[in-house]
Each structure stands twice: as structure tokens, then as C-alpha cells.
Amino acid sequence: MHVQDFIQLTVNAVRSQRMRSFLTALGIAVGIGSVVLLTSLGEGLHRFMLAEFTQFGTNLIGINPGKVTTHGVSGALISNVRPLSIEDAQALKRIPQVVDVVSVVQGNAAVEAGKRQRRTTIYGIDPAAPEVFKLQVASGRFLPDDPPRAARSFAVLGSKVREELFGSGQALGERIRIGSERFRVIGSMESKGQLLGFDLDDTVWIPTAKALAMFNRESLMEIDVLYEEGSSADEVASQIRKILIARHGSEDFTITTQEKMLEVLGKILNILTLAVGGLGGISLLVGGVGILTIMTIAVNERTNEIGLLRALGSEKNQILGLFLGEAIVLASIGGLAGLLLGVGGAWLLGFLVPALPTHTSWTYLLAAEMLAAAVGLLAGVLPARRAAALNPVDALRSE
Amino acid sequence: MIRLQQIQRVFQVGEEEVHALRNVDFSADKGEYIAIMGPSGSGKSTLLNIIGLLDRPDGGTYELDSIMTTTLNDREQAHVRRHKIGFVFQFFHLVPRLTAEQNVELPLVLAGVDKDERHLRVRETLGAFGIGDRARHRPDQLSGGQRQRVAIARATIMKPSVILADEPTGNLDRASGNDVVHILEELNRQAITLIMVTHDPELGERAKRRIKMVDGGIEEDTGS
Amino acid sequence: MHFRDIILFSMQASTASRGRTILMLLAMAIGVSSVILLISLGDSARRYVIDQFASLGTNLLIVLPGRSETTGGPPPLLGETPRDLTLDDAIALTQSSVIRRVAPIVAGSAPVSVRQLEREMIILGSSAELLEVRRLSMNQGNFLPPGDLRRGENVCVIGSGGKQELFGNQKALGQWVRIGDRRFRVIGVLAQIGVSLGEDMSEVVIIPVAVAQSLFNTESLFRIVVEATSEDAIARAKEAVLSIIRSRHEGEDDITVITQDAVLATFNKIFKALTMTVGGIAAISLVVAGIMIMNIMLVAVSNRRAEIGLLKALGAPRHQIMGLFLTESALLSIAGAVLGFLLAYGTMELLAGFFPEYSLALALWSPFIAASLALGTGIVFGVMPAKRAAMLEPALALSRR
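Computed from a predicted structure; not experimentally measured.

(A) Expanded view of the overall build of chain B. Secondary structure assignment for chain B yields 7 helices and 10 strands. Radius of gyration (C-alpha) of chain B: 17 Å, near the 17 Å computed for a compact globule of 224 residues. Seen through its principal axes, chain B has C-alpha atoms that stretch 50 × 40 × 35 Å. Counting every position in chain B, which comprises 224 residues, the buried fraction comes to 53%. A separation threshold of at least 6 residues defines the contact pool for chain B, and within that pool the share at least 24 residues apart is 69%.

(B) Examining the overall build of chain A more closely. Scanning chain A from N- to C-terminus turns up 12 helices and 13 strands. Taken against the 2.2 N^0.38 rule, which gives 21 Å for 399 residues, the C-alpha radius of gyration of chain A at 33 Å runs more than 25% over that of a compact globule. In terms of overall dimensions, chain A has C-alpha extents of about 100 × 50 × 35 Å along its principal axes. A buried classification covers 55% of the 399 residues belonging to chain A. Of all intrachain contacts in chain A linking residues separated by at least 6 positions in sequence, the fraction that spans at least 24 positions is 79%.

(C) Inspection of the domain arrangement of chain A at higher detail. Under the domain assignment, chain A is made up of domain 1 (3–52 + 264–397) and domain 2 (83–251). Between domain 1 of chain A and domain 2 of chain A, the C-alpha centre-to-centre distance is 55 Å.

(D) Molecular detail of the packing of aromatic side chains. In this structure the tally under the stated criterion is 6 aromatic pairs over all chains. Judged by centre distance (5.7 Å) and plane angle (5°), the ring pair of Phe87 of chain B and Phe89 of chain B falls under stacked. For Phe87 of chain B, a relative accessible area of 5% corresponds to the buried category. The class for Phe89 of chain B is buried, based on a relative accessible area of 9%. Taking 6.3 Å as the distance between ring centres and 25° as the angle between the ring planes, the aromatic pair formed by Phe267 of chain C and Phe271 of chain C counts as stacked. Residue Phe267 of chain C and its partner Phe271 of chain C are located together in helix H8 (residues 260–303), separated by 4 residues, close to a single helical turn. An aromatic cluster is built from Tyr123, Phe142 and Trp205 of chain A, whose rings are joined through pairwise contacts.

(E) Focus on the packing of helix H1 (residues 3–16) of chain A against helix H10 (residues 316–352) of chain A. All names here are of chain A. At a closest axis distance of 9 Å, the pairing of H1 and H10 adopts a crossing angle of 60°. By the angle between their axes, H1 is oblique relative to H10. In this structure, H1 meets H10 at a crossing whose hand is right-handed. Within the contact between the two elements, H1 uses Phe6, Leu9, Thr10, Ala13 and Val14 and H10 uses Gly321, Leu322, Gly325, Glu326, Val329 and Leu330.

(F) Here's a closer look at the pattern of salt bridges. One pass over the structure, following the stated rule, counts 40 salt bridges over all chains. Between Glu305 of chain A and Arg302 of chain A there is a salt bridge, with the nearest N and O atoms lying 3.3 Å from each other. Here Asp179 of chain B ties to Arg149 of chain B by a salt bridge, and the two come within 2.2 Å at their closest N and O atoms. Here the residue Asp179 of chain B occupies a position in helix H6 (residues 174–189), and Arg149 of chain B occupies one in helix H5 (residues 144–156), the gap between them amounting to 30 residues. Salt bridges here are not isolated pairs; linked through shared partners, they connect Arg302, Glu305 and Glu326 of chain A together with Arg97 of chain B.

(G) Examining the sheet that holds strand S4 (residues 59–64) of chain B more closely. Residues and elements named next belong to chain B. A sheet is described by the order of its strands in space; here 4 strands give the open sequence S2-S1-S4-S5, paired in antiparallel fashion. Of all strands in the sheet, those bounded by a partner on one side alone are strand S2 (16–28) and strand S5 (67–68). In this sheet, S2 lies alongside strand S1 (residues 2–13) in antiparallel orientation, the contact comprising 9 bridges. When the bridges of S2 are listed, Ile2 appears paired with Ala28. Packed onto the sheet, helix H1 (residues 44–51) meets S1, S2 and S4 and runs at close to 120° relative to S1.

(H) Broad picture of the pairing of strand S3 (residues 33–37) of chain B. All names here are of chain B. Among the 5 residues that make up S3, 5 are buried, leaving the element largely enclosed by the rest of the structure. The alternating pattern of S3 places Tyr33, Ala35 and Met37 and Ile34 and Ile36 on opposite faces, both of which are buried. Two elements, S3 and strand S8 (residues 193–197), share 4 bridges in a ladder whose sense is parallel. Residue pairing for S8: Ala35 is matched across the bridge by Met196.

(I) Inspection of empty space enclosed by the protein at higher detail. Counted under the stated rule, the structure contains 5 cavities of 30 Å³ or more. Taken as a whole, the largest cavity holds about 110 Å³ of empty space. Along the wall of the largest cavity there are 13 residues; nearest its centre are Leu9, Glu305, Leu309 and Leu322 of chain A together with Arg97 of chain B. Listed by contribution, the elements that provide at least two residues to the lining of the largest cavity are H1, helix H9 (303–311) and H10 of chain A. Residue classes in the lining of the largest cavity are distributed as 8 nonpolar, 1 polar and 4 charged.

(J) Focus on the sheet that holds strand S9 (residues 209–214) of chain B. Residue and element names in this part refer to chain B. Strand order in the open sheet formed by 6 strands is S6-S7-S8-S3-S9-S10, with mixed pairing between adjacent strands. The sheet terminates laterally at strand S6 (85–88) and strand S10 (217–221), the two strands that pair on one side only. Averaged over all adjacent pairs, the angle separating strand axes in this sheet is 20°, with direction ignored. Two strands pair when backbone bridges link them, and S3 and S9 are joined in this way by 4 bridges, in the parallel orientation. Across the sheet, Met37 pairs through a bridge with Lys212, a residue of S9. Strands S6 and strand S7 (162–166) of the sheet are contacted by helix H2 (residues 74–84), whose axis makes an angle of about 75° with S6.

(K) Expanded view of unusual backbone geometry. The backbone of Lys134 of chain A sits at a positive phi, close to 55°, despite the residue not being glycine. As for its placement among the helices and strands, Lys134 of chain A is situated in the loop between helix H4 (129–133) and strand S5 (137–140). Given the relative accessible area of 43%, Lys134 of chain A is considered partly exposed. Its identity as a non-glycine residue notwithstanding, Ala191 of chain B has a phi of 75°, on the positive side. Structurally, Ala191 of chain B is set in the loop between H6 and S8.

(L) Representation of the interface of chain A and chain B in the model. Each partner contributes to the interface: chain A provides 27 residues, whereas chain B provides 25 residues. Taken together, the two surfaces of chain A and chain B that pack against each other cover about 2500 Å², and 54% of this comes from carbon and sulfur. Per-residue buried area on chain A facing chain B is highest for Leu308, Leu312 and Glu315 of chain A; these three make up 23% of the total on that side. In this assembly, chain A and chain B are joined by 4 salt bridges. Across the salt bridge formed by Arg310 of chain A and Asp74 of chain B, the nearest N and O atoms sit 3.1 Å from each other.

(M) Examining the confidence of the model for chain A more closely. Residues and elements named next belong to chain A. Per-chain confidence: chain A averages 86 in pLDDT, with 94% of residues scoring 70 or above. The element-level mean pLDDT for chain A is lowest in strand S2 (residues 79–80), coming to 59, with strand S6 (residues 154–157) highest at 93. Taken as a whole, residues 69–76 scores under 50 in pLDDT and shows 14 contacts with residues more than four places along the chain or in a different chain.

(N) Region of the structure containing the pairing of strand S1 (residues 60–65) of chain A. All names here are of chain A. Where burial is concerned, most of S1 is hidden: 6 out of the 6 residues are buried. Neither face of S1 is left uncovered, since the one carrying Leu60, Gly62 and Asn64 and the one carrying Ile61, Ile63 and Pro65 both have all their residues buried. Here 4 bridges tie S1 to strand S12 (residues 222–227), and the two strands are oriented antiparallel to one another. From the neighbouring strand, Ile61 faces S12, where its bridge partner is Val225. Pairing of S1 with strand S13 (residues 253–257) involves 5 bridges; the strand directions are antiparallel. Looking across to S13, one finds that Asn64 is bridged to Thr254.

(O) Quick look at the nonpolar core. In terms of nonpolar packing, the biggest core is built from 124 residues, with Ile2, Leu4, Phe26, Ile51 and Ile195 of chain B touching the most fellow members. The element contributing the most residues to this core is H8 of chain C, with 15 residues. The next biggest cluster of nonpolar side chains, apart from the first, holds 49 residues, and it includes Ile99, Met121, Ile123 and Ala228 of chain C.

Cut-off values and rules
- Residues numbered from 1 in each chain as written.
- Chains lettered and ligands numbered in written order.
- Predicted model: local features only at pLDDT ≥ 70, side-chain atom pairs only at ≥ 80, totals over all residues.
- Heavy atoms only, no water.
- Helix = DSSP H or I, 4+ residues; strand = E, 2+ residues; numbered from the N terminus.
- Rg over C-alpha atoms; globule rule 2.2 N^0.38 Å.
- Buried < 20%, exposed > 50% of the residue type's maximum accessible area, 1.4 Å probe, protein only.
- Contact = heavy atoms within 4.5 Å.
- Domains from an automatic or database assignment.
- Phe/Tyr/Trp six-rings, centres within 6.5 Å; stacked < 30°, edge-to-face > 60°.
- Axes fitted to C-alpha atoms, helices over the stretch in contact; angles between N-to-C directions.
- Parallel < 35°, antiparallel > 145°, perpendicular 65-115°, else oblique.
- Left-handed = near helix turned anticlockwise from the far one by under 90°.
- Salt bridge = Lys/Arg side-chain N within 4 Å of Asp/Glu carboxyl O.
- Pairing = 2+ DSSP bridges.
- 1 Å grid on protein atoms, 1.4 Å probe; cavity = no way out; pocket = protein on both sides within 12 Å on 5 of 7 lines; lining within 4 Å.
- Points joined across faces, edges and corners; volume = space filled by probe spheres on them.
- Nonpolar A, V, L, I, M, F, W, Y, C, P; charged D, E, K, R; others polar.
- Buried area = accessible area lost by both parts, 1.4 Å probe.
- pLDDT = per-residue confidence, 0-100.
- Core = buried A, V, L, I, M, F, W, Y, C linked by side-chain atoms within 4.5 Å.

This is the structure:
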């Protein structure tokens with residue numbers, strides 16, 4: 001039998017029961033639609049998170065004090081008997097692949113400018129921060145390249161702090177008080193927006209040593225290392241490990257490469273997308289049962305026709321193929337409609353709630369359509385086999 | 001060209017074994033016109049089904065055009081059925097959602113014949129049976145006689161060597177019935193073997209050879 | 001027609017074509033059970049988290065140094081402030097009449113060693129009050145001794161997991177361990193408790209707060225945990241904490257106070273929303289099941305034309321035919337819901353067997369939601385076929401074979 005004729009016969013059968021086929025396909029459509037919509041949401045979230053994480057660049061390695069154990073509590077949060085020092089950070093600059101090193105101390109303090117006061121996040125940071133974290137200076141300049149231990153009392157304001165403290169007035173050159181110390185404003189930053197809930201605009205940047213003194217700390221909270229494009233993260237990490245162990249005597253710090261973090265994050269988000277898609281898949285399962293039922297009914301109703309086809313000389317496999325084909329056609333039509341539903345839904349959602357990241361990828365769409373066809377195939381197997389196994393004499397005799 | 005030897009067919013009905021055919025020997029030559037007659041349950045339909053390869057005997061051998069059909073698998077049997085045998089049923093068995101044309105075309109589609117050739121042959125056959133103007137009608141738009149003509153057209157489109165008709169007039173009024181019988185006899189005159197099951201004695205009388213079956217065996221055969 | 005007869009008639013009709021009835025029940029059951037299961041899982045997760053919170057103690061307030069002005073933003077869990085919370089702040093809090101207990105906390109990590117064995121562990125500096133505040137209990141020995149917070153002996157209490165790691169099956173009580181560069185005597189071992197919200201108390205070493213401050217060379221506290229005298233006093237206790245610290249910090253509000261019930265309420269809300277979302281997604285499958293019921297009832301109507309015609313000829317009015325078909329789809333839905341409930345119940349029992357620590361159970365109200373959803377689906381999607389049956393012309397219905 002020609003493929004073309006085969007298709008025509010199955011489509012003819014599907015079309016001859018319009019209402020029934022419509023409802024069966026609708027079931028699959030709702031299932032596929034929800035799978036597509038939900039995976040679009042998952043994928044959107046995935047991309048959103050990756051974008052958030054990579055806006056600092058990807059060639060980063062972070063070093064935190066303390067060995068992170070099963071507690072999952074980062075050493076940065078709590079006190080530590082073995083601090084990471086500014087000198088540790090300086091030492092890492094000797095690694096050839098390392099482009100820049102930034103030491104970080106974070107805290108919270110009241111900032112006063114004239115009569116205005118604001119309690120905000122203070123970052124003690126190195127001059128290389130704009131390059132490493134991909135920050136843009138809006139006016140003035142970033143912290144100058146002073147000796148780390150003898151940095152001058154300069155401060156750079158995040159865009160929001162600048163606006164809150166100085167409004168439309170001039171900030172450059174003004175003196176501000178942070179905690180009990182006085183600083184001179186030498187620059188302000190472009191808005192960077194929120195990063196996973198941390199507002200980088202509501203921030204004041206000061207030299208690391210000044211921050212350590214202000215917060216009465218010994219240890220840095222983090223050292224961030226920017227390495228050359230194309231170098232292996234693992235190799236740089238192992239050199240960092242070697243240098244720090246030589247300085248500390250043991251591995252009392254934790255190294256996190258951005259690469260590994262993104263990998264883990266990607267894995268988690270993929271699982272999430274799959275899980276959410278799986279929830280939508282329940283509907284698809286029910287839709288599959290729908291096809292199974294309708295095909296069972298069809299085989300029952302068309303027993304006579306099956307007997308006739310056998311008498312006219314069709315093989316068992318042809319009968320099997322015809323009914324399987326019918327199930328697949330039903331499911332595929334439903335699948336296509338479901339794609340429209342899902343993509344439309346995702347678009348509508350993106351339109352109504354712009355904050356919600358959605359992304360529909362062609363691979364997912366293709367996979368969803370294949371899934372629909374597979375559901376049809378699976379649901380069709382049982383009825384089609386029954387049809388093929390019918391005894392022609394009995395089939396012809398049935399009412 | 002048809003040779004059945006020691007054919008047996010046993011059905012299991014509940015606990016009981018029913019012998020539908022008991023060691024039947026039967027043969028027919030090319031172009032014969034045979035009527036199989038007998039009371040209900042005498043095994044005449046079973047015999048026809050076995051000749052048509054719709055049913056497998058439980059014992060014995062069946063040779064058709066010097067092919068030993070009893071050893072063929074499903075595929076090969078389907079092939080023989082497709083090319084050598086045409087069926088005409090009491091209830092026509094037309095696919096209700098297909099047009100007359102498409103119904104007649106069905107065996108050609110199953111055999112994988114090309115579209116152009118198919119259309120030519122279908123048109124020709126429908127014309128020959130006088131239903132060319134009904135080609136695009138569905139079965140429910142046709143009269144009983146027209147339906148049976150479509151069915152006969154379908155049975156002959158593959159140019160089979162045998163036509164098996166099971167009560168072909170049983171569901172028709174007298175006029176249409178006669179009509180159908182004439183068509184079948186005309187086909188028989190073109191050297192197609194015609195085997196017809198009927199319990200209409202008048203119809204049976206028309207056949208050149210009559211077989212009377214009783215209780216799963218051939219009681220009387222005017223030909224042998 | 002009596003109600004009983006309608007039910008009987010419908011049951012006979014649906015058992016006549018057994019295969020498709022079973023499939024329809026299956027579809028309904030899948031939908032119902034997934035709704036029940038997901039709602040119940042969400043609810044179990046909610047209860048788990050809330051129980052965990054409650055097991056941390058009751059009527060708690062957590063005082064953190066630093067304050068963020070970004071409303072709605074996260075509290076400054078990270079980072080340092082120029083004005084620390086000090087031990088004196090903690091002692092000052094005990095003066096309030098609405099505060100029952102105060103446990104200052106210094107947290108840090110340090111290598112802990114017993115003979116050759118060394119482990120990096122979390123060290124908590126606190127006071128005797130911590131035992132009551134955090135609802136801890138002792139397996140052996142005693143907790144930190146009460147007394148002046150500004151002084152402390154070199155003694156420590158270890159968690160059960162830590163004990164196992166450091167001492168194995170040997171006796172820990174009275175032994176000496178080295179933490180950082182100091183030696184501590186083990187005076188107690190905590191009773192085993194589960195992980196609570198990521199703070200694994202079984203892996204920590206607890207030492208007196210003053211000793212911890214000198215070990216980590218810091219004047220500041222990580223946080224202060226305060227227990228209010230009663231549930232009603234939580235709000236007043238919060239006010240008291242804020243005003244006491246303000247007066248000690250030169251009028252500045254530079255702390256954040258988190259109350260346990262506020263956190264609980266937030267968690268409650270988040271989990272409820274999550275549960276509803278997940279349940280809602282599962283409920284889509286009920287819509288699909290509904291479409292299927294509609295489809296099959298339509299098939300049934302066309303297959304049973306003759307029967308409907310006959311009923312009409314026998315004098316059945318339209319609404320009765322409609323009632324018959326509606327009853328049939330409602331019955332199917334209910335049966336599917338019951339089946340789905342059993343399926344969900346079985347799965348949940350199975351899951352609970354595998355993960356006993358999460359106290360998984362069906363949410364009490366989930367069967368009602370699922371049952372009403374199922375019944376609703378059955379009726380909504382049953383209306384169209386039933387109407388079609390009712391509208392059949394009797395003569396026409398009878399004429400087709």
C-alpha cells in the first residue's frame with residue numbers, strides 16, 4: 001500500500017467522526033498545551049537566572065573563608081578562626097592566568113551626607129571591581145589604585161544612594177560620613193539593578209581595608225578572581241588552592257568556580273523545568289487514555305469494516321498500521337493545536353505579566369509534538385492489535 | 001483448480017465440540033458455476049469461508065491454482081485472497097464513510113496499485129456495472145441493488161479467478177436480486193469460477209452444479 | 001421515575017460497555033488522584049516546615065544587627081555593621097518584663113580536634129538559656145552552666161552527630177577537645193534531633209558566649225534569640241527589644257527583629273500558594289478527563305439512539321432522558337473520584353513508608369476538593385451529550401437501526 005493512500009485512509013476515518021475526533025484531539029491539545037506552557041515558564045526562569053548570574057561575567061572564581069561542610073553555612077557569614085586576608089588576595093595576583101583579584105567585605109551602615117542619612121549596604125572592595133564585576137562608572141571615577149593597606153578614604157556611590165543622599169545636586173567631591181568615619185565621594189555608578197534580591201544600586205563602595213577597620217573584622221568575606229578568557233577554571237582553582245594552602249598551612253577556605261556554579265544551577269533549573277513539565281504531563285496521560293478509549297470504541301464499531309478489509313486481502317500488519325495511524329493522526333492534530341495553545345498562552349502570560357520570564361524554544365516544541373505522537377502511538381497499540389487479531393469470519397458476521 | 005481434501009473444521013461452543021465440516025472432499029474446475037445449498041448450520045458458509053481463505057481448516061489440505069494454501073502464513077494468504085478471490089456478501093459490507101468509487105478502489109489501494117491506473121480501472125468497472133453515475137455517492141445514498149453492484153464491482157476489480165457469493169440476493173427485493181444474479185452469471189460466462197451459497201431453491205436450480213450439504217458433509221453433488 | 005431507578009438504570013448502562021467505562025474511570029482517577037496527591041504533598045511540606053519552626057521553640061524573636069531600609073527586601077542576614085550587638089545589649093534585654101529568656105549567639109567555624117582527629121565544625125557561643133529557648137534536650141551530662149554571661153569556663157556541649165564523628169562509640173563526657181588553639185572539657189552531649197531548617201544542631205559544638213567571643217576575637221554577637229513570655233506578648237516584646245537597643249545605641253534603630261510568627265505566616269502563605277498552583281496544574285488533567293467523558297457520552301448517545309427513541313415512545317419526557325444521561329456521567333465521575341482517592345491514598349501510604357521523617361499524609365480537605373471537582377467536571381461536561389439525547393426526535397431515533 002502506498003504511504004499516500006495510507007494517510008488518506010486514516011485521515012478519512014478521523015474526519016468521518018468530526019465531533020468525536022475533535023474532542024479526542026482537544027484532550028491531547030490541553031495536555032500538550034499545558035506541557036508547553038509550563039516548560040516555557042521553566043525555560044524562561046532558567047534563562048533569567050543564568051542571565052542574572054552571568055551579568056558579572058563567567059570567568060570568575062570565588063574564595064570564601066572556612067571549609068564549607070555539610071552545614072551549608074558559608075564561612076563568610078560567621079566568624080572564623082582562620083581569616084582570609086588582604087595579603088592572601090594580593091598573593092593570588094601572581095598566578096599568570098589571573099587578570100584581577102577583588103577582595104570583598106560587605107556590611108551595613110548609616111551613611112550621612114549633610115542632613116540626609118541613609119542606612120545602606122557598604123562594600124569594602126578593590127579598585128579592580130568595575131572590571132571584574134562588569135560595573136559602569138556614571139561620573140567621576142572608581143576607587144584609585146592605592147596600596148591596599150593604606151588606601152585613602154574615598155567612597156563611590158551606587159546610583160540609588162547617590163539619588164537619595166544628593167538628589168539632583170552635585171555629589172562628586174562632597175564629604176560623607178559612614179559609621180564614624182569621613183569619606184570623600186569620588187564617583188558614582190551606573191544603575192545595575194537587582195541581583196537575586198540584592199540591590200547593587202543601594203550600595204556604597206569603599207576600600208577594603210577601610211571596611212575591615214570599620215566593621216572591626218579580620219577576615220575578608222570573599223575574594224573574587226577574574227581569570228583570562230580561555231583558561232581552564234579548574235587549573236586556576238588548583239593554583240589558587242596551592243598558594244593559599246602554602247600561606248595558611250591547610251585548606252581552610254572554599255573555592256567556587258562560576259563555571260561549576262552555573263553547571264549546578266543549570267542542572268537544578270533543568271530538573272525544575274522537567275518536574276513542572278511532568279505535572280503538565282499528567283493531563284497528557286489522561287488525554288492518552290482518551291485516545292485509547294476512542295480507539296477501542298472505533299475498533300468495536302468498525303469490526304465489520306475490519307472483516308471486510310481482511311476479506312479484500314489486507315494483511316494483519318496493514319490493519320494494525322491503519323488503526324495505529326489513526327491514533328497517531330488524532331494525537332498529532334491535538335499536539336499541533338496544543339502547541340498553538342501553549343505558545344499562545346505563554347505569549348499572553350508574558351504580555352499580561354511582563355515580569356514573568358517565559359521562553360519557548362523550538363526544541364521543546366518539537367519534543368512536545370513528538371511526545372504527542374508518541375502518546376498516540378502508545379494509546380493506539382492495544383486497540384490496533386485487537387483490530388489486527390480479529391478473526392475475519394467473526395468480524396464480518398458481527399452486527 | 002480448487003481441490004479440498006479431507007477438510008475438517010471444529011468449533012468449540014462452550015463445553016461442546018461442533019463439527020462444522022467433517023472430512024469434506026471437494027474440487028472445482030475453472031469456470032464452473034456451483035451453488036452450495038443446505039439448511040442453516042449445515043456448514044455451507046464455513047466451507048465458503050475456507051475456500052475464501054478467511055478461515056483455516058483444522059485438518060486436511062486445500063489447493064488453489066496449484067498453490068498449497070494450508071501451509072501459507074497470514075501474509076501469503078492475504079496475498080492470495082487479494083489476487084485470486086472476490087467476495088460478495090449478503091449485507092454488502094460497504095465502508096459507510098467511503099464513496100462508491102472509493103469502496104471499489106479499496107482492493108487496489110491495499111495492493112498498492114498506482115493512483116492513475118486505479119482511477120482508470122475503477123471508472124471502467126463502475127461503468128460496466130451501470131453505476132458510473134453513482135461513483136461519488138456514499139452507500140447510504142444508494143439503493144440495495146446499487147449497493148450490491150458496487151460490492152460486486154469491488155469483488156471483480158482485481159480480476160479474481162473465483163467469486164464467492166454468500167446469499168448475494170438475501171437482502172434484496174426480487175427484481176434487484178435477479179439483476180444481481182444476472183451480473184454474476186455474466187461474470188461466470190467470462191470464465192470466472194462462481195461459487196454461491198444460497199438456500200433459495202430457485203436460485204440454486206440456475207447453477208450448473210449443485211452441492212447439498214447436511215450436518216458438515218456433502219450429501220449430494222450433481223457434478224462429481 | 002424514582003431516583004433509585006434512575007441510578008439503577010444508569011449503572012446498568014455504564015456496566016454494559018465495561019471496557020470503556022473502566023477507561024473513563026481510569027482517566028478520572030488519574031486526574032483526581034494527582035490533584036489529591038499534589039495538594040497533600042504541598043500541605044505535608046507546609047506542615048513539615050511549620051513543625052520544624054515550632055520545634056525551634058515558641059514565641060521567639062530573633063534580633064539581628066543592622067537594618068535595611070529597602071522595604072520588602074531581605075533582612076541583612078549577611079554582613080557586618082559598625083555598631084554591633086554586644087553581650088551588654090543581650091544582658092540589657094533580660095530587664096524587660098515581657099521577655100522570659102535571652103540567648104545571645106556567636107557563631108563561627110573552627111577546627112575541632114580530639115587527639116589526631118580534626119574536623120572543621122560550627123561553633124556556637126551561647127548561654128544556658130539556649131537549652132530552653134531552642135527546646136534542646138540532653139543525652140548525657142549537662143548543658144552550659146548558668147551564671148554571668150561575661151565570664152565562662154572552657155567547657156563545651158557537643159551534638160550527637162559531632163560526638164559520633166569525634167569520639168565514635170567511646171565515652172565523650174569529661175574528655176578534652178581542642179577548638180582552635182584552646183582546650184575545652186566536654187560536659188554534655190545533646191540528644192539526637194532531626195535537621196531543622198538547615199541548622200543541623202547535631203553537628204555543632206556549643207561553648208559559653210564569652211569564650212566564643214575571645215576565641216573568634218570579636219566583641220559582637222551573630223544574633224540574639226529572645227523568648228517572649230507568651231504568645232500575646234510577642235508584639236510587646238518586639239517593641240521592648242527595639243526600645244531597649246535604641247536607648248543603648250544612641251537613639252539609632254540599627255537592628256532588625258524578626259518574630260517567629262511573622263516568618264511562620266510568610267511560610268504558610270508561600271506554601272499555600274505553591275500548593276494551590278501545583279494542585280491547579282494537576283486539575284488541568286481533570287478538564288481533559290471531562291472532555292473525555294463528554295466525548296464518550298456523545299458516543300453513547302449515538303449508539304443508544306434506538307433505546308432513547310424507545311424510551312420516548314414509552315412516554316419519557318425530555319428532562320427525564322436528560323436526567324438519565326446526566327446521572328450516568330455524574331456516577332462515572334463519582335466512581336472515578338473514589339478510585340482516584342484510593343489511588344492517592346495508596347501512593348501516599350507508600351511514600352510515607354519510604355520517607356517516614358516527613359510525616360506525609362493526605363490533606364484532610366483534599367478529598368472534598370477533588371470529589372467536588374470531579375462531580376463538577378462530570379456534570380459540566382455531561383450536559384451537552386445529555387441535551388443531545390433529550391433533543392432526539394423519537395421517530396428518527398427509532399428508524400435508524
